[in-house]
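Chain residues, written in single-letter form:
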Amino acid sequence: MNDKMEPTAIFLEPATVFVNREATVISTVLGSAVAVTLWERKKKFGGMCHFISPKADARQRRTVEYGNVAIYALIKAMNDFGSNLKDLEAQIFGGAEPLDIPVEKKTFGPKNIEAARTALQKYRIRVISEDIGGHVGRKISFNTQKNEVVAYKVKNIRNQDWHFM
């Protein structure tokens, strides 16, 4: 790949997985949801999943809305693009728990973080960085060619934040 090539910009909606061998900047906005990036060290490409609930059980539809399914789908997509499991490394973002939410309406933030960690441990994928938890949302952009992430912490996620590129 040519380092001087301008990367394509993609906005990742919730409950979505995206992988590309070409230079791409994947961006998303997170509150209690979690995004996991995977990067293939040797072949220098990557992808991201954005999930909103921790785990699908037997009674629920198994979609990428759920962390255990989304991370499996991301790993499979990376494999389909030629990655080797042993050459993958991960980063985890999101999982906030807003302060102003009543106890009875708490979000899945901490459970989403645990779901990401559990799934990555299951596949023995090393986590190289995390920006997780806390009480504020995040806007993140991941360069799939360089394995670089920029994370902006935001107190209030506004409607226009959903398309900030």
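Everything numeric here is computed off the predicted structure, so don't read it as measured data. Residue numbers run consecutively from 1 along every chain, following the written order of its sequence. Local features in a predicted model are, by the rule used here, given only for residues with pLDDT of at least 70; side-chain atom pairs are given and counted only at 80 or more, and totals for whole chains, interfaces and linings are based on all residues. By convention in this description, side-chain values take in all heavy atoms of the structure and omit both hydrogens and water.

Caption draft 1: Representation of the overall build of the chain. By definition, any uninterrupted DSSP run of H or I lasting at least four residues is a helix, any uninterrupted run of E lasting at least two residues is a strand, and each is numbered from the N terminus. Regarding its fold elements, the chain presents two helices and nine strands. N-terminal to C-terminal, the α/β element order of the chain is β-β-β-β-β-α-β-α-β-β-β. The buried label applies to any residue whose accessible area, calculated with a 1.4 Å probe on protein chains only, is under 20% of its type's maximum; exposed applies above 50%, and partly exposed to all values in between. Here the chain holds 165 residues, and the buried ones make up 44% of them. We call two residues in contact whenever any of their non-hydrogen atoms come within 4.5 Å of each other. If you take every contact in the chain between residues at least 6 apart in sequence, the share linking residues at least 24 apart comes to 64%. Accessible area for the chain stands at about 8900 Å²; split by element, carbon and sulfur atoms hold 52% of it. Only the protein chains shown count as cover for residues, with accessible areas throughout obtained via the Shrake-Rupley method and a probe of 1.4 Å.

Caption draft 2: Spatial organisation of helix α2 (residues 109-122). The terminal C-alpha atoms of α2 lie 20 Å apart, and with 14 residues this matches the ideal 20 Å at 1.5 Å per residue to within 8%. Of all the positions in α2, only Gly109, Asn112, Ile113, Ala115, Ala116, Ala119 and Leu120 are classed as buried. Along the axis of α2, the buried residues cluster in a sector spanning 160 degrees; they form a single face. Along α2, the residues that are exposed and aim more than 90 degrees away from the buried face are Lys111, Gln121 and Lys122. Here the buried face of α2 lies against β4 (34-40), β5 (45-51), α1 (67-80), β6 (88-94) and β7 (126-132). At the exit of α2 stands Arg124, carrying a positive phi of roughly 55 degrees. What a helix should span is 1.5 Å times the count of its residues minus one. Throughout, the arc means the angular range of directions from the helix axis out to the C-beta atoms.

Caption draft 3: Expanded view of the packing of aromatic side chains. Only rings of Phe, Tyr and Trp enter the pairing, Trp through its six-membered ring, and a pair is recorded when the two centres are within 6.5 Å. The plane angle decides the type: under 30 degrees is stacked, over 60 is edge-to-face, the rest tilted. By the definition in use, this model includes one aromatic pair. Measuring from centroid to centroid gives 6.4 Å for Phe45 and Phe81, while their planes differ by 40 degrees, and the two rings are tilted. Residue Phe45 is found in strand β5, and its partner Phe81 is found in the loop between α1 and β6; the two are separated by 36 residues along the sequence.

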